[in-house]
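Listed below, chain by chain, are the residues.
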Amino acid sequence: MSPSSLSVEDFEKRHQNDDTDIEAQTPEPLEKLPTRHEDAEGDSSSSDGEELAQLGRLPTARLEWESEHDMDNPRNWPAWKRVFHTAVPALYGFIITVGTSVYVPAIPHIMALFHVDRVTASLPLSLYTFGFVVGPIFASPLSELYGRRIIYWASLPLLVIFTGVAGASNNITQLILCRFCAGFFGSGALAVGAGTIADIWSDKSRGRASLFYIMAPFLGPALGPLTGAYIIAEYNNNWRWSMWVVIIIASPILVGTFFMKETSKHRILHSRRIAAGDKLEHQAGDTKLLILKLRKAIGRPLHMMIFEPTVALLSIYTGFAFAMMFSFFGSYNYVFQSVYHFNQKEVGLTFLGILVGFFCAVTTFSVFDVTIYRKEAVKAGGKPAPEHRLYAAMVGSVMLPIGLFWFAWSPSKSVHWIVPVLAGVPFGWGTLAIFISVTTYLVDVYQAHNGASAVAANGILRYLLGAVFPLFTVQMYEAMGIHWAGSVFAFVGLALMPVPWVFYFKGSGVRSRSVYDTFKG
């Protein structure tokens, strides 16, 4: 039975002890991120042990560290080792998201070489991004059973292999299929990166340690067009270098993954028991548990998307903002080439305005976090209402339509090119501020038990819209003209602007009516 056909009550009864692990379809702010390996002290959830015991794999007693100073505990590793295990998933998240937009400057060459239209030539971009929707759904349950390290060892080599085959493609069908496979298999590590960082850092240190990991899915797409344009131009307009450059950048990270150690508490202690001579059944139990976790990984996020207005509305909002950046892959090329006669390298440089906005967004969230939010936390005895996470989103909700209207109406032969480039600052500011703020809000509202599912639902819609928008953006601009095509997106952003404000003022009432376990303060 599909999640949409279940009643809310039936779904809750069937999943009341579930604990989904879509830890990071896309990177999340990690000081509040729930993982399956957190208990009251940030360690393993008891549900793992209970499910495994039911399937005959383990006794009902939980696996625990020998002491708080147990050197097998990743949080007790030397600082350099923890930094290394933080850098690998952060850099991996950057390179796989660079792979989305690094292909954009190759689209005109693909159209000419394979004699296809723009939509067909854009499919390798869209299906690569769509792979991010599907891949983590399977990788997360596998990581729970077999640990995080094996996901890294499988994902990055498969990303490199399929990217290499895509670069060697001699027809559009092969290119499309290989790009999808690269996104599908390569995105597995996105599902475990957040959990890896949560495994090795305490709550106090996790936020700072995860900063680059949080920004990776935004920095990658923003820098991809610039990277692709320069590398293709450097090698005589050979589009294949848009694939080779991904392999070149990924290779050092690939080598680094083979020096990684397991960080999953459950897997470390499970392996310790095996090394001690305990004989544990695993074949049948693993299969049943994997099926159970796959069902939860798919079912609960979809159920929350349909039945939870908080998840649905905020996911639509962040999905639209994120997808707008993907639409810029087409609209930036169209605008700056048709109005200002930029070449591909110059178009790539225009994305730097968005990067400036990203850093403004991080600063905005940080300022609110260390001022207003902390004051409210003190007043509430350490448990402030989740709505205090939405200050940055409210700022972002204003910045987003400003940036979109600015970009819609500023391009003109009589207006200097720097003016539409600067429109990227408020756009990037609004997009990332909304993302960080909404993600922390969802985690605070749905807490450790359901927070990961809410974030997973948000990630599914975000990458799904990101895959779709590039397929129709240029056609809109050609049919409606630059100003009105851009205005359509801007008016949508304006219509969605009240969303974080509504939840700030009315969120407590909405979450009190949720069928899920939510923050009750």
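Everything here concerns the structure above.
Residues numbered from 1 in each chain as written. Predicted model: local features only at pLDDT ≥ 70, side-chain atom pairs only at ≥ 80, totals over all residues. Heavy atoms only, no water.

(A) Layout of unusual backbone geometry. Of note in the backbone geometry, His 115 takes a positive phi value of approximately 55 degrees without being a glycine. Along the chain, His 115 turns up in the loop between α4 (107-114) and α5 (118-146). Given a relative accessible area of 71%, His 115 falls into the exposed group. A positive phi angle, near 55 degrees, is found at Asn 236, a position not held by glycine. Within the secondary structure layout, Asn 236 lies in the loop between α10 (211-234) and α11 (241-257). For Asn 236, a relative accessible area of 72% puts it in the exposed group. (Helix = DSSP H or I, 4+ residues; strand = E, 2+ residues; numbered from the N terminus. Buried < 20%, exposed > 50% of the residue type's maximum accessible area, 1.4 Å probe, protein only.)

(B) How the structure looks around the packing of α5 against helix α6 (residues 149-167). Remark: α5 packs on α6, axes separated minimally by 10 Å, with the N-to-C direction vectors making an angle of 155 degrees. By the angle between their directions, the pair α5 and α6 is classed as roughly antiparallel. Considering how the two elements wind past one another, α5 and α6 form a crossing that is right-handed. Contacts from Tyr 128, Ala 139, Leu 142, Ser 143 and Tyr 146 of α5 reach α6 at Ile 150, Ile 151 and Leu 159. Within the contact of α5 with α6, the residues separate by chemical class into seven nonpolar, one polar and no charged. (Axes fitted to C-alpha atoms, helices over the stretch in contact; angles between N-to-C directions. Parallel < 35°, antiparallel > 145°, perpendicular 65-115°, else oblique. Left-handed = near helix turned anticlockwise from the far one by under 90°. Contact = heavy atoms within 4.5 Å. Nonpolar A, V, L, I, M, F, W, Y, C, P; charged D, E, K, R; others polar.)

(C) Structural detail: the packing of aromatic side chains. Tallied over the entire structure, the rule returns 39 aromatic pairs. Pairing Phe 322 with Phe 326 gives two aromatic rings, centres 5.1 Å apart and planes at 45 degrees, and the pair type is tilted. Of this pair, Phe 322 and Phe 326 are both found in helix α14 (residues 309-338), four residues apart, which corresponds to roughly one turn of the helix. Given a relative accessible area of 2%, Phe 322 falls into the buried group. Note that Arg 389 overlies the ring of Tyr 373, its terminal NZ or CZ placed 4.0 Å from the centroid. (Phe/Tyr/Trp six-rings, centres within 6.5 Å; stacked < 30°, edge-to-face > 60°. Lys NZ or Arg CZ within 6 Å of the ring centre and 35° of its normal.)

(D) Examining the nonpolar core more closely. By size, the foremost hydrophobic cluster in this structure holds 115 residues, and its most contacted members are Ile 110, Phe 328, Phe 358 and Leu 432. Ignoring any residue separated from it by four or fewer positions in sequence, one finds Phe 328 in contact with Asn 333, Phe 351, Ile 354, Leu 404, Phe 407 and Phe 427. Listed in part, the seven residues of the second largest apolar core include Trp 77, Ala 90, Ile 197 and Ile 200. (Core = buried A, V, L, I, M, F, W, Y, C linked by side-chain atoms within 4.5 Å.)

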